[in-house]
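Structural description and commentary
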Amino acid sequence: MTQIETETKTETETETLGFQTEVKQLLHLMIHSLYSNKEIFLRELISNAADATDKLRFAALDDNTLYENDSDPVIRIGFDKEANTLTVMDTGIGMDRQEVIEHLGTIAKSGTTEFLQSLTGEQQKDSQLIGKFGVGFYSAFIVAEKVEVITRKAGDDKAQGVHWQSAGEGDFSITTMTKEHRGTEVVLHLKKAEAEFADGFRLRNLVRKYSDHISIPVIMTKEHYGDDADKKEPEDETVNSATALWARPRSEVKNEEYHEFYKHISHDFEDPLSWSHNRVEGKLEYTSLLYIPAKAPFDLWQREASRGLKLYIQRVFIMDEAEQFLPLYLRFIKGVVDSNDLSLNVSREILQKDPIIDSIRAALIKRVLDMLEKMAKKKPEQYTKFWQQFGQVMKEGPAEDFSNKEKIAKLLRFSSSIDDNTGQTHGLADYVERMKEDQKKIYYVVADSHNTAKNSPHLEIFRKKGLEVLLLSDRVDEWLMSHLMDFDGKSLQDVAKGSLDLDEVADEAEKKSQEEQVQEFAGLVERLQGVLSERVENVRVTHRLTDSPACLVVGEQDMGNQMRKLMEAAGQATPAAKPTFEINPTHPLVIKLNDEVDEDRFGDLSEILFDQANLAEGGKLDDPAAYVNRLNKLLLELSA
Ligand code: ADP
Ligand code: MG
């Protein structure tokens, strides 16, 4: 049955609907990969219950009647050993029929379908994958053979309650029923083998372990043991500490608590990499708790992906994904900001204009950058992990956040010609430390892949001179460099751009012989200009090559290859700047070319050299067939 049909039916009717395909895939993945960690289902259900009470509190700011004369937020956990059931109940906002269908039958996150489809069969089996999604409500099916959800939206008529049930095998049924209290009750019919969870002692332990940080009381009925147990009145007890974790002093919060709180707010399944918890007093008063996740979520690159912080005002939850507090390049940060200065009826629109937000935002950015700087210094291995996950996003920083350019630049990491490490581990500050005494610039090369960068002909002279070159091959690199321009007073120089000025490292004897070579090959330069006039801006003798016969250089102000490809991919026409063709006067092929008297052969050889220079940089030939023909012609002459 499709979901569209539901709208035409009366709501009292029971209907059976199929889970969205993605849900089925995730359910399958989850049940198999999380079995060893099955107890986390309780954390997820309590996390949802807490979210629901948060949402109600916020909605009630506008409309007090939603409380239905009972404003006490509670989460209650009950169990029945005989029936082998476990219930998590909340007095939160609840759901109406349509919401139940949407939230408990589909995965709303945009891009999920595309992501799942892009995976190979091998990857789909990977239990790590689940960390990219978070687990959520469906984790109940790890331990339950059947799950019931009975819910009513706050403010709705009592007859508008909804009863959802499913055995997690592809479909669920939904019907309307009367529900006295607003909010949601989730009933797990435990699998026989999971009876351990219908136990007060076990449940209390789990609540304390995973949900202590929940700011709403999690209540269980006290159990009495012993001879007179039957005679005692049932008594409620609050199992968790029920205070907002971020409002507690840092020294009193254990690492495990920080971890669990992170999982609650981020819907992530793994522990965070690091966090920073701060209370600010003075002109502005707010508390922030910012986390760096250990893994990039699957939707990091999707425009509509959720991002931003959870905003609280004086402990009252206001909104999720308040993206005004952090720039895009820090979109991976998760956390909470709790302000004492904002008004409780703040809206997203107001947030966008409020100068208080600007101040908090500036301080939070600094906080994150400081946290990263400290990590880079004190825990370089952890920082490397961070960079592997989020380095590409950080590279957007200098363009987006000019005022923090220097700070961000210090955090950037690249590959370098000084080692074979394909990972990006070298910072600009380290490069500067290693610079030669007379060296004035920071050199880098940009290519499509690490190997192309590493083997670029442009690096030859730098190798010979023992000068370090940073190897850049991420899609954003050229764009990044165009915004960075300099670091620590030293300009950044693309070694494939402009005429190379290595005067600083050349000695007098070298300079003299170089000048002589320019004279000697002046004739060849002119002949080449004639043959290649359509395709090159200029031809000149170079000293940047040692092993290759020739290379291409773009003008200092021209767009590089990578940037042009980026723009073309974005559908923008790009001005085709002609490159300068540089020849190596010491290379046997060039010397041979200089002596070539047959004009036809000279033409063929010149074209081949030009095309090869293009290929060596990972470029594409305009006419690959012509190249192959010319080369074959030469090969035949060789064997003749
Ligand atoms: P997430 O919490 O990451 O959004 P879940 O799978 O845990 O994902 O829950 C899916 C959605 O179902 C929630 O976003 C919420 O809208 C709804 N939901 C789940 N549990 C409750 C509840 N106890 N009260 C109200 N809504 C709920
Ligand atoms: Mg959840």
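Residues numbered from 1 in each chain as written. Chains lettered and ligands numbered in written order. Predicted model: local features only at pLDDT ≥ 70, side-chain atom pairs only at ≥ 80, totals over all residues. Heavy atoms only, no water.

Below, the discussion takes up the pairing of strand E17 (residues 469–472). Along E17, one buried face is formed by Val469 and Leu471 and the opposite face, lined by Leu470 and Leu472, is buried too. The pairing of strand E16 (residues 442–446) with E17 spans 4 bridges and is classified as parallel. Across the sheet, residue Val445 finds its bridge partner in E17, namely Leu471. (Buried < 20%, exposed > 50% of the residue type's maximum accessible area, 1.4 Å probe, protein only. Helix = DSSP H or I, 4+ residues; strand = E, 2+ residues; numbered from the N terminus. Pairing = 2+ DSSP bridges.)

Attention shifts here to the packing of aromatic side chains. Here the structure, examined in full by the defined rule, presents 20 aromatic pairs. Summarising the aromatic geometry, the rings of Trp246 and Tyr312 are spaced 4.4 Å apart at their centres and angled 50 degrees between planes, so their arrangement reads as tilted. With Trp246 in the loop between strand E9 (236–238) and helix H9 (255–266) and Tyr312 in strand E12 (residues 309–313), this residue pair connects regions lying 66 residues apart in the sequence. By relative accessible area, Trp246 is classed as buried at 3%. (Phe/Tyr/Trp six-rings, centres within 6.5 Å; stacked < 30°, edge-to-face > 60°.)

Let us now look at the domain arrangement of the protein. Domain annotation for the protein reports domain 1 (11–238), domain 2 (245–380), domain 3 (397–504) and domain 4 (510–554 + 575–639). Contacts between the two partners involve 15 residues from domain 3 and, on the opposite side, 16 residues from domain 4. Of the roughly 1,400 Å² buried between domain 3 and domain 4, counting both surfaces, carbon and sulfur atoms make up 49%. Area buried by domain 3 at its contact with domain 4 is led by Pro457, His458 and Glu460, which between them contribute 39% of it. Seen at the junction of domain 3 and domain 4, the total is 1 salt bridge. Residue Glu510 is joined to Lys465 by a salt bridge in which the shortest nitrogen-to-oxygen separation is 2.7 Å. Where domain 3 meets domain 4, there are 9 residue pairs in polar contact (both at pLDDT 80 or more). (Domains from an automatic or database assignment. Contact = heavy atoms within 4.5 Å. Buried area = accessible area lost by both parts, 1.4 Å probe. Salt bridge = Lys/Arg side-chain N within 4 Å of Asp/Glu carboxyl O. Polar contact = N/O pair within 3.5 Å; in protein donor to acceptor, adjacent residues only side chain to side chain.)

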